[in-house]
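Listed here are the chains, written in short residue letters.
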Amino acid sequence: MHLIAPSILSADFSQLAEAASLAEKGQADMVHLDVMDGHFVPNITFGHQLVASLREKTSLPLNVHLMVDNPSIMIPLFIEAGSDWLSFHLEASRHVHKDLSTIKEAGRKAGLALNPATPIELLNEVLEDLDFIVIMTVNPGWGGQKFIPATKNKIKRLSQELAEKRLPALIAVDGGVSLSNMAALFELGMNIAICGSSVYGADNPVEMIRKMKALATEFNKCSVQKK
Ligand code: DX5
Ligand code: ZN
């Protein structure tokens, strides 16, 4: 499965409903929302109230990425706000299994995000519990950074491991993803392309999402043929 998730971090923050509507018009699969608390990462973005407001404005699934310390406190708030997909950082949680269970018990898709330097082997004990994994391919906290090439190997190894173990978790790739490296990342095993500046920094974001979506659809057809 190959999906496109525009990240509104790079959109105009006074027009976030409009940003979600552009994602809808481009036929994106979901909207990615970056929550930053000024502790786990230096920047501050927005909290659960904004997610609840956007929930009212778009029919697209909301994929919320918590870049926060102590996610245990925040997770229930973001579930309540209407997050459909909810990830938190492995590096930030003291009770990873419990936090994942909270999300799953609420019937939402549970994900773990890993910083570029965090090895995928740390997922071993919870791999079966995950609906998705967010592989950070930049250091979290800012949009518009350059893709870190060394992270490609993590995507490939994780994809192989999931296939070998016949586990259904999807691999989301976050940071420096654009139309120019998207095909190579799909080849490596990326399922969800999270794209911030490459979408909202484009002259025509709707057109850009449509092109990305067309590429994802091509890859979906190839995977069906391979089966
Ligand atoms: C970064 C965020 C990303 C960000 C990606 O900490 O997690 O979701 O929006 O932005 P780009 O696609 O510009 O690298
Ligand atoms: Zn993100």
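Residues numbered from 1 in each chain as written. Chains lettered and ligands numbered in written order. Predicted model: local features only at pLDDT ≥ 70, side-chain atom pairs only at ≥ 80, totals over all residues. Heavy atoms only, no water.

## Considering the packing of aromatic side chains
- One pass over the structure, following the stated rule, counts three aromatic pairs.
- Ring geometry for Phe13 and Phe46: centres 5.8 Å apart, planes at 50°, overall tilted. Residue Phe13 is found in the loop between strand E1 (3–6) and helix H1 (16–25), and its partner Phe46 is found in the loop between strand E2 (31–36) and helix H2 (48–57); the two are separated by 33 residues along the sequence.
- Residue class for Phe46 comes out buried when judged on its relative accessible area of 11%.
- Residues Phe186 and Phe219 carry aromatic rings whose centres are separated by 5.1 Å and whose planes lie at 45° to one another, so their mutual orientation is tilted. Taken as a pair, Phe186 in helix H6 (residues 179–188) and Phe219 in helix H8 (residues 205–226) lie far apart in primary sequence, 33 residues in all.
- Its relative accessible area of 3% is what places Phe186 among the buried residues.
- Taking the relative accessible area as the measure of exposure, Phe219 reaches 15% and is therefore buried. (Phe/Tyr/Trp six-rings, centres within 6.5 Å; stacked < 30°, edge-to-face > 60°. Helix = DSSP H or I, 4+ residues; strand = E, 2+ residues; numbered from the N terminus. Buried < 20%, exposed > 50% of the residue type's maximum accessible area, 1.4 Å probe, protein only.)

## Comments concerning the sheet that holds E1
- Strand order in this open sheet of eight strands is E1-E8-E7-E6-E5-E4-E3-E2, and the pairing throughout is parallel. For this open sheet the edge positions go to E1 and E2, each flanked by a neighbour on one side alone. For this sheet, the mean angle separating the axes of adjacent strands, direction not counted, is 20°.
- One ladder, built from four bridges, connects strand E5 (residues 109–114) with strand E6 (residues 132–136); its direction is parallel. Its bridge partner lying in E6, Ala113 is registered against Val134.
- Against the sheet, helix H3 (residues 71–80) engages E2, strand E3 (62–67) and strand E4 (85–89), with an angle of about 170° to E4.
- Of the strands in this sheet, E4 and E5 are in contact with helix H4 (residues 96–105), which crosses E5 at around 145°. (Pairing = 2+ DSSP bridges. Axes fitted to C-alpha atoms, helices over the stretch in contact; angles between N-to-C directions. Contact = heavy atoms within 4.5 Å.)

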